[in-house]
Amino acid sequence: MPHQLEGPAAPKSQRSKVARPPEDPDSKKMQNKRLKDVEISFPIVYGTISFWLGKKASEYQSHKWTVYVRGATNEDLSVIIKRAVFQLHPSFNNPTRVVESPPFELSESGWGEFEIAISLFFHNDVCDKQLDLYHQLKLYPEDDTGPQTTKKPVVVETYDEIVFSEPTEAFFLRVQNHPAAVVPRLPAGLNLPPPGPSEILNEKKRGDTKDHPLSQWFMNFSEADELLKLAAARQQVQAHIAKLRRQLSVIDGPSQQLNAASGQ
Amino acid sequence: MDAKDILGLPKSSFPASQEKKPRPPKESQRKPDGVSREVYALTGGLAPLMPSIEVSHLKKRPPPENKEKVTWQWLPFTSSARTDNLQLYHWVRVVNGVPPTGDYAFAKYNKSVDVLKYTDEEYEKHLTDPTWTKEETDQLFDLCERFDLRFIVIADRFPTSRTVEELKSRYYGVSRALKIARAPSFADVSGHPLVKERYNVAHEVERKRALSSVLSQSKQQELKNAEILVEAKRIMELRVINKTEEVDMPVSTTNIETTDKAANQAEPISPSSNAQPSPPAAAPPTLGTDSNSTPASLRMLRVYLRTHVLEQTVQAASSTAGLRTIKRVDQTLQDLGVHLKPKVPTKSVCAEHLELRKEIITLLNLQKQLQNKEAEVSANRENSYVETPGTPKRTYRGDTDRPFIPESVGFGGERVGKRDHKRKTSGRFSDAPPSPPQSKRPRKLKASDG
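Note that this is a predicted model, so its numbers are computed, not measured.

A closer look at the overall build of chain B
For chain B, the count of helices and strands is 20 helices and three strands. Residues classed as buried in chain B amount to 30% of the 450 residues present. Sequence-distant contacts in chain B: of pairs separated by 6 or more residues, those separated by 24 or more amount to 53%. A total of about 29900 Å² of accessible surface is found on chain B, and carbon and sulfur atoms cover 57% of it.

What follows is the structure, given as structure tokens:
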């Protein structure tokens, strides 16, 4: 569905006012307190989807691609991200593209693969520092995935989590019930007032990518699979460690068994 | 492809014999002048690799440029090193009939030591020693002069039984006292080696004892010492590792992870740690509290990516464990079918991943340890054929001989119990990472899940 992709630099006006942090100066002072030993994380996915143009391909425009940052579960990221800046190859016109509203994505066409730098800027109450992501644009499929087709895009996505350490109370309150956020239980002794109920629910639907035209190509990132795999590997390693320890203790004889055990 | 191809020689197995047959008669006729038949035969009739000198050149003598006439003559000489004016003869190179003049060339190597002399008065004043009589001291100094301070020889000739160290101590002590006594002030001679460096009897005795004990070591003792050194090194390494862990721990507990936090984290982790009943002998599974810890440098940033934490932690580990170990860890991870970088780096995945890396390092260390032990045992075994039994090492040999059977390095353990491999103890413990068949398991899991 490449034709459905929208022009890159033009921000979508209807989505431009989303999930702004509270700007009330009175509450700000109070809520600037930072929560020690708390981290809030936002699982994200960033990457590119590229379609080969087939017959329509020209020498310099063989692929149409989209680079994006989305919530891992396609939730709205504008709750934290104020703006995303995509740094394209200098051969593009205006290689620095700023996207001020969700979805944080950019479509372009070209013929070459290069590394795209994505700088994320956050709302004032979230964090005053930017976060840089790097993604290698991929247009051409790996050899073993078959020939190029216009039907099946080349999708490369990376899962990661944006971690905010020691968030301000205001930020914590604002996002603690947001579906994009992974919020820990507060440390004992810290009690925060319940958040204003309406705010998030109202804006929830606006900036997500759940009905995104490319969503059928989005990859699934299963933590459970990964954990299962790791657990299996750990089990093997641990079993082997146990075996080696047994063998060592046999060599050492019963008197030195303790040494071997404490050796680690 | 062999040297013959490179040299462009024919491939047949006996090229020389085939070609030689027709040739020798012809060649011998073409034998160049000035080369004897025997010498020419040695070349095998082959053209020389280097252009030879023309015969006419050989016959010519180099032009007599310098008209030096050198002869060697049997001539008498005296040496200034001798006091007896003994006349000896030797062959000398005589150029143009003029024999070399001057002293015997080797006379300058006849060095003698200036042994200090003392008067009776000086002896009474400065040099008395309750353990030495004046006669003995006199004798010592005579011998010192006579044998140029070769104390081993002196000790051999010394009439009373004194050790080399005693003799040296007396000689240097007397010389030092004389030097100081004769100098106008101590400062004048304080730089003199005799004054500056006192002869230390105890140190010399100890030094020689140590040296002789090293030199008289048996092969077995030497091996034992080497083992002990290896062991010591291992212990040191372990201590270093433990120390760094201890250093890391407080940081993680005080700065980052409060107990409540840890409790929070236990939740997402628990499915995995429940899923695998850890073997009893393995290290107690830490709940990932310390491996979860975030480097302070990242926390300062307020915002960072989860993968940054992982990367930094792995990097920190590689700086303590060494690049080679980390490479082997990576190899093992690959063999286990685990991505070097998790595809879904959530907090608990990262924690598990780091735990796995830790365990692999433990595993590799154990493998190394086992190898060392094995080398030790086999070294002992070698010795046992040469030397008589009775050393303490031997006590466990009898029973370790049999049970010390590495079953299989691989993770699968299919070979467990195959007792016919018993005897091949040495060399079976390759420290290579687990073999491919065992890495299938995680892949299967993935296949069934996906």
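Looking at helix α16 (residues 306-321) of chain B
Residues and elements named next belong to chain B. Relative to the 22 Å expected for 16 residues at 1.5 Å per residue, α16 spans 23 Å between its end C-alpha atoms, a close match to the ideal helical length. Burial in α16 covers these residues: R306, T307, V309, L310, V314 and S318. Along the long axis of α16, the arc covered by the buried residues comes to 165°, so they all point the same way. Seen from the buried face of α16, the exposed residues on the opposite side, beyond 90 degrees, are Q315, S319 and T320. Where α16 terminates, the next one or two residues include G322, which has phi positive at roughly 100°.

Digging into the sheet that holds strand β6 (residues 115-122) of chain A
All names here are of chain A. What the four strands build is an open sheet, ordered β4-β3-β6-β7; its pairing is antiparallel. Edge positions in the sheet fall to β4 (96-99) and β7 (131-136), since each has one partner strand and no second. Adjacent strand axes in the sheet meet at a mean angle of 20°, parallel and antiparallel pairs treated alike. Here β6 pairs with β7 via six bridges, running antiparallel. Residue pairing for β7: S119 is matched across the bridge by D132.

Quick word on helix α7 (residues 134-146) of chain B
Residue and element names in this part refer to chain B. For α7, spanning 13 residues, the distance from its first C-alpha to its last is 18 Å, which sits close to the expected 18 Å at 1.5 Å a residue. Where α7 is buried, its residues meet α6 (120-127), α8 (151-157) and α9 (164-182). In the segment just after α7, D148 is the residue with positive phi, at about 50°.

A closer look at the packing of aromatic side chains
Evaluation of the coordinates by the stated rule reveals 23 aromatic pairs over all chains. Geometrically, the ring pair formed by F122(A) and F164(A) is edge-to-face, given 5.1 Å between the ring centres and 85° between the ring planes. Taken together, the positions of F122(A) in strand β6 and F164(A) in strand β8 (residues 154-165) put the pair 42 residues apart, joining distant regions of the chain. Among the residues examined, F122(A) registers a relative accessible area of 3% and is labelled buried. Every member of this aromatic cluster is reached through a ring pair, and the members are Y118(B), Y123(B), F141(B), F151(B), Y171(B), Y172(B) and Y199(B). A cation sits over an aromatic face here: R70(A) above F218(A), 4.1 Å from the ring centre. The ring of F121(A) has R83(A) sitting right over it, with the charged end atom 4.9 Å from the ring centre.

Concerning the packing of α16(B) against helix α17 (residues 323-335) of chain B
For any two helices packed against each other, the geometry is given by the interaxial angle and the distance between the axes. Residues and elements named next belong to chain B. Orientation of α16 relative to α17, taken along the N-to-C sense of each, is 125°, at an axis distance of 6 Å. When the axes of α16 and α17 are compared, the pair comes out oblique. Note on element contacts: α17 touches α16 through L323, T325 and I326, opposite A317, S318 and A321. Grouping the amino acids of the contact of α16 with α17 by side-chain chemistry returns four nonpolar, two polar and no charged.

Digging into the environment of H89(A)
Residue and element names in this part refer to chain A. As for its position among the elements, H89 is in the loop between β3 (81-87) and β4. Between the C-alpha atom of H89 and that of I116, which follows or precedes it by 27 residues, the distance is 7.3 Å. Apart from residues lying up to four places away in sequence, H89 is in contact with P95 and F114. At a separation of 2.7 Å, a polar atom in the side chain of H89 contacts the side chain of S91.

A short note on the sheet that holds strand β5 (residues 104-110) of chain A
Spatially, five strands are ordered β5(A)-β2(A)-β1(A)-β8(A)-β3(B) in an open sheet, and the strand pairing comes out antiparallel. Only two strands of the sheet have a single neighbouring strand rather than two, namely β5 of chain A together with β3 (303-305) of chain B. Across the sheet, the mean angle separating the axes of adjacent strands is 20° when strand polarity is ignored. Sheet topology places strand β1 (residues 39-52) of chain A next to strand β2 (residues 63-71) of chain A; nine bridges connect them, and they run antiparallel. Residue pairing in the sheet places V45(A) in a bridge with R70(A) of β2(A). In this fold α16(B) packs onto β1 and β8 of chain A together with β3 of chain B, with an angle of close to 70° to the strand it touches most, β3(B).

A word on the packing of α6(B) against α9(B)
Residues and elements named next belong to chain B. It is at 10 Å that the axes of α6 and α9 come closest, and there the two elements cross at 100°. Overall, the two elements α6 and α9 adopt an arrangement that is roughly perpendicular. Contacts from E122, Y123, H126 and L127 of α6 reach α9 at R170, V174, A177, L178, A181 and R182. Of the residues in the contact of α6 with α9, the class split is six nonpolar, one polar and three charged.

Some thoughts on the pattern of salt bridges
Following the criterion strictly, the structure yields 25 salt bridges over all chains and no others. Across the pair K134(B) and D138(B) runs a salt bridge whose closest N-O atoms are separated by 3.2 Å. In this pair, K134(B) and D138(B) are both assigned in helix α7, four residues apart and thus about one turn of the helix distant. One salt bridge connects D148(B) with R150(B), and the closest N-O pair in it is separated by 3.6 Å. Within this structure, R234(A), E352(B), E355(B), K358(B) and E359(B) form a network of salt bridges that share partners.

Digging into the environment of F172(A)
Mapping F172(A) onto the fold places it in helix α2 (residues 169-175). In this structure, the C-alpha to C-alpha distance between F172(A) and L35(A), residues 137 residues apart in sequence, is 8.4 Å.

Examining the environment of Q312(B)
If you trace the backbone, Q312(B) turns up in helix α16. In this structure the C-alpha to C-alpha distance between Q312(B) and L298(B), which are 14 residues apart in sequence, comes to 9.0 Å.

With respect to the confidence of the model for chain A
Of all residues in chain A, 74% have pLDDT values of 70 or greater, and the mean over the chain is 77. This stretch, residues 1-28 of chain A, has a pLDDT under 50; its non-local contacts, to residues over four places away or in other chains, come to 46 contacts.

Describing the nonpolar core
F42(A), I80(A), F122(A), I162(A) and F164(A) are the most contacted members of the largest nonpolar core, which totals 40 residues. Counting 21 residues, the second largest nonpolar core, distinct from the first, contains L244(A), I251(A), L333(B) and I361(B).

Observations regarding the pairing of β1(A)
Successive side chains on a regular strand alternate, one facing one side of the sheet and the next facing the other. All names here are of chain A. β1 sits mainly inside the fold: 13 of its 14 residues count as buried. Bridge count for β1 against β8 is twelve bridges, and the pairing is antiparallel. Residue pairing for β8: I44 is matched across the bridge by D160.

Observations concerning the side chain of R234(A)
Tracing the backbone through its elements, the reader meets R234(A) in helix α4 (residues 223-252). Of note is the side chain of R234(A), whose polar atom sits 2.8 Å from the side chain of E359(B).

Quick look at the pairing of β2(A)
All names here are of chain A. Most of β2 is tucked away: eight of the nine residues are buried. Across seven bridges, the pairing between β2 and β5 is antiparallel. Across the sheet, the residue bridging to K64 is S109, located in β5.

Cut-off values and rules
Residues numbered from 1 in each chain as written. Chains lettered and ligands numbered in written order. Predicted model: local features only at pLDDT ≥ 70, side-chain atom pairs only at ≥ 80, totals over all residues. Heavy atoms only, no water. Helix = DSSP H or I, 4+ residues; strand = E, 2+ residues; numbered from the N terminus. Buried < 20%, exposed > 50% of the residue type's maximum accessible area, 1.4 Å probe, protein only. Contact = heavy atoms within 4.5 Å. Areas by Shrake-Rupley, 256 points an atom, 1.4 Å probe, with all protein chains shown as cover. Expected span 1.5 Å × (residues − 1). Arc of directions from axis to C-beta. Pairing = 2+ DSSP bridges. Axes fitted to C-alpha atoms, helices over the stretch in contact; angles between N-to-C directions. Phe/Tyr/Trp six-rings, centres within 6.5 Å; stacked < 30°, edge-to-face > 60°. Lys NZ or Arg CZ within 6 Å of the ring centre and 35° of its normal. Parallel < 35°, antiparallel > 145°, perpendicular 65-115°, else oblique. Nonpolar A, V, L, I, M, F, W, Y, C, P; charged D, E, K, R; others polar. Polar contact = N/O pair within 3.5 Å; in protein donor to acceptor, adjacent residues only side chain to side chain. Salt bridge = Lys/Arg side-chain N within 4 Å of Asp/Glu carboxyl O. pLDDT = per-residue confidence, 0-100. Core = buried A, V, L, I, M, F, W, Y, C linked by side-chain atoms within 4.5 Å.

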